[in-house]
Structure formats: C-alpha cells, structure tokens
Amino acid sequence: DVKVTQSSRYLVKRTGEKVFLECVQDMDHENMFWYRQDPGLGLRLIYFSYDVKMKEKGDIPEGYSVSREKKERFSLILESASTNQTSMYLCASSLLTGPNTEAFFGQGTRLTVV
Amino acid sequence: DAKTTQPTSMDCAEGRAANLPCNHSTISGNEYVYWYRQIHSQGPQYIIHGLKNNETNEMASLIITEDRKSSTLILPHATLRDTAVYYCILNFHLLAGGTSYGKLTFGQGTILTVHP
C-alpha cells in the first residue's frame, strides 16, 4: 500500500519560530503537495512539487516555503511562525501521469502556534 | 480553475443508497471529476474518478451527465462508517517543465451523516 507519512501528528510552536513539517512517501511518486485545512475553508493548496528541486506555488503560498531535495521527501517550512498559521497541514503524493491519477494523503499535522 | 458546488450536508439511513450531487458547470474538457472523502481526524481518501463515462468500483459509482456539468456519487448501501465529508473536485491538468501533473483544488464538501 502507498504510504504517506508526516513526521508529527501534533506540534506546538511559538510565534516567530522557524518550523519544519516533513513528509515522506514510499511509492516513488513524482508529485507531492502541501495543503492546509481550516474550519469553513476546506483544504487549500500551499505548494506542490512535480520533481526533485522543482516547486510551484499553490493558492496560499504566503508565509511558507518548501524544499524537495529527494524524491521521497517534501518539506514545508514556516520561516517565522505566526498564530494565523495554526491549522491542520496535510501532505499528499501522486504519480506524474496527468489528470488520470489519484492522490494519497498523510494523516495530517495539527500545528498550533502560540 | 473550474469550481464545484456541493450541498453543505446530507443525511442517509443505514443500508440505503446515498446519492451525493455535485455541480461543475464550468468544467473544461481536460478536467476529470474526482471524489474523495475525509473521515474525522484522518487525511482525505480517494474514492473514484471519471471523465465522461459512468464509473464503478468497490466503493462507489460515479454518474456524470452527458454535458459534464454535474455528477453524482452513489454509495449503494451506506453504513455508519461512511459518515464523512465528501469532496467533489476537478483535477486540473497543468503543464510545467515539459511534463504534466494534476492539481487538486478542494471545496467545502458535503457532510454526509449516516444514521441507524
């Protein structure tokens, strides 16, 4: 089975801290995605990557950056965490086969910034 | 990107069919209709997808209208474990660096409650 693993299930950080959220997938998928999920707003795409060292902005990239040094790992970075970045963060991966493919999601990281 | 419209919530009796509608009137020719669901405290789970024809798998059936402006997800025999948020989304086929990939844009979804 495809497995997408996020490094932490729950995380509490202080305002201004640099935060790293890690995601690893074990099925050699080319595409990887980072979403955040907030009540009433659904899932919103932050960044995605279709290859090592390649990245594209999603709908809400402000305040975030990403890193993809290895195919299986996609990191989301909050350069200076703020309270409005308190959210559930979801990582996903999929094959690079165009629109006819499914994405697999991790369990999510619930980040609280205090 | 084309957007989808779903009812905010629906109820269904256990054992009955759950029919979840989705409108996507501005869908473009290269967009597939995908359905995912999210059970509380878990990541979204893929259910089914289609382009033009109706599709069926072990989880559900997907009915897409001929004009592709709407679709219906059918859970033939709903169980309590099917209580979840169901998302109808369009996989937008993008090109970058000479390759193609799919971008998933999630809306609000439908909260389906299956009751005994």
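All residue numbers here refer to positions counted from 1 along the written sequence of the relevant chain. Here every chain gets a letter starting at A, and every ligand a number starting at 1, in the order they are written. For a predicted model such as this one, the threshold for reporting local features is a pLDDT of at least 70, and the threshold for listing and counting side-chain atom pairs is 80 or more; totals across whole chains, interfaces and linings nevertheless cover every residue. Neither water nor hydrogens contribute to the side-chain values; these are computed over all heavy atoms in the structure.

## Description of the environment of B:Glu55
Residues and elements named next belong to chain B. Helical segments are the DSSP runs of H or I of at least four residues, strand segments are the runs of E of at least two, and each set is numbered from the N terminus. Take Glu55: it is sitting in strand 5 (residues 55-56). In the structure, Glu55 is positioned 57 residues away from Leu112 in sequence and 21 Å away in space, judged by C-alpha atoms. Among all residues touching Glu55, those that are not within four sequence positions of it are Ile48, His49, Gly50, Ala60, Ser61 and Leu62. Two residues qualify as a contact provided that any one of their heavy atoms is within 4.5 Å of a heavy atom in the partner residue.

## Digging into the nonpolar core
Side-chain atoms within 4.5 Å link the members of a nonpolar core, which is a set of buried Ala, Val, Leu, Ile, Met, Phe, Trp, Tyr and Cys residues. Buried, partly exposed and exposed residues are distinguished by accessible area as a fraction of the type maximum, computed with a 1.4 Å probe on protein chains only: under 20%, between the cut-offs, and over 50%, respectively. The biggest cluster of nonpolar side chains holds 21 residues, and the ones touching the most others in it are B:Trp35, B:Leu73, B:Tyr86 and B:Leu112. Contributions of two or more residues to this core are made by strand 2 (18-23), strand 3 (32-38), strand 4 (45-50), strand 6 (61-64), strand 7 (70-75), strand 8 (84-96) and strand 10 (110-115) of chain B. Examining the composition of this core, we find that 4 residues originate from one element, strand 8 of chain B, more than from any other. Membership of the second largest hydrophobic core comes to 20 residues, among which are A:Val19, A:Ile46, A:Ile60 and A:Leu78.

## Side note on the sheet that holds strand 7 (residues 65-70) of chain A
Residue and element names in this part refer to chain A. Paired strands, as defined in this entry, are two strands with at least two bridges between them according to DSSP. Strand order in the open sheet formed by 4 strands is 1-3-8-7, and the pairing between neighbours is antiparallel. Two strands in the sheet have a free side with no partner beyond their single neighbour: strand 1 (4-6) and strand 7. Strand-to-strand, the axes of this sheet are offset by a mean angle of 20°, without reference to chain direction. One ladder, built from 3 bridges, connects strand 1 with strand 3 (residues 19-25); its direction is antiparallel. If you follow Thr5 over to strand 3, its bridge partner there is Val24. Fitted lines through C-alpha atoms give the axes, limited to the stretch in contact for helices. The angle between two N-to-C directions lies from 0 to 180 degrees.

## Observations concerning the state of the cysteines
Cysteine sulfurs are considered disulfide-paired once they come within 2.5 Å of each other. Tallied over the full model, the rule gives 2 disulfides over all chains. Between the sulfur of A:Cys23 and that of A:Cys91 lies a disulfide, 1.9 Å long from S to S. Given an S-S torsion of about -80°, the disulfide between A:Cys23 and A:Cys91 has left-handed geometry. Taken together, the positions of A:Cys23 in strand 3 and A:Cys91 in strand 9 (residues 87-94) put the pair 68 residues apart, joining distant regions of the chain. Since its relative accessible area comes to 0%, A:Cys23 is described here as buried. Classification of A:Cys91 by relative accessible area gives buried; the value is 0%. One disulfide bridge connects B:Cys22 with B:Cys88, the sulfur atoms lying 2.1 Å from each other. For the disulfide bridge between B:Cys22 and B:Cys88, the dihedral angle about the S-S bond is near -80°, and by the sign convention the bridge is left-handed. With B:Cys22 in strand 2 and B:Cys88 in strand 8, this pair connects stretches of sequence that are 66 residues apart. Accessibility assignment for this pair places B:Cys22 and B:Cys88 in one class, buried. Residue B:Cys12 stays outside any disulfide, its sulfur separated by 18 Å from that of B:Cys22, the closest cysteine. The exposure class assigned to B:Cys12 is buried, which follows from its relative accessible area of 6%.

## Focus: the confidence of the model for chain A
A residue's pLDDT is the confidence the predictor assigns to it, expressed on a 0 to 100 scale. Averaged over every residue, the pLDDT of chain A is 91; the share at 70 or more is 94%. When pLDDT is averaged over each helix and strand of chain A, the minimum, 89, is found for strand 5 (residues 42-51) of chain A and the maximum, 98, for strand 8 (residues 73-78) of chain A.

## Let's talk about the pattern of salt bridges
By convention in these notes, a salt bridge is any Lys or Arg side-chain nitrogen within 4 Å of a carboxyl oxygen on Asp or Glu. For the coordinates displayed, the defined rule picks out 7 salt bridges over all chains. Between A:Arg44 and A:Asp38 there is a salt bridge whose closest N-O contact spans 2.8 Å. Salt-bridge contacts for B:Asp82 lead to B:Arg37; the nearest nitrogen and oxygen are separated by 2.8 Å. Here B:Asp82, found in the loop between strand 7 and strand 8, pairs with B:Arg37, found in strand 3; they are 45 residues apart in sequence, far enough to count as distant. B:Arg37 carries the same exposure label as B:Asp82, and that label is buried. In this structure, a network of salt bridges that share partners links the residues A:Arg36, A:Asp38 and A:Arg44.

## Some details on the sheet that holds strand 5 of chain B
Residues and elements named next belong to chain B. The 4 strands are arranged 2-7-6-5 in an open sheet whose pairing can be described as antiparallel. Looking at strand neighbours, the two that pair on one side only are strand 2 and strand 5, the edges of this open sheet. Across 4 bridges, the pairing between strand 6 and strand 7 is antiparallel. Paired with Ile63 across the two strands is Thr72, which belongs to strand 7.

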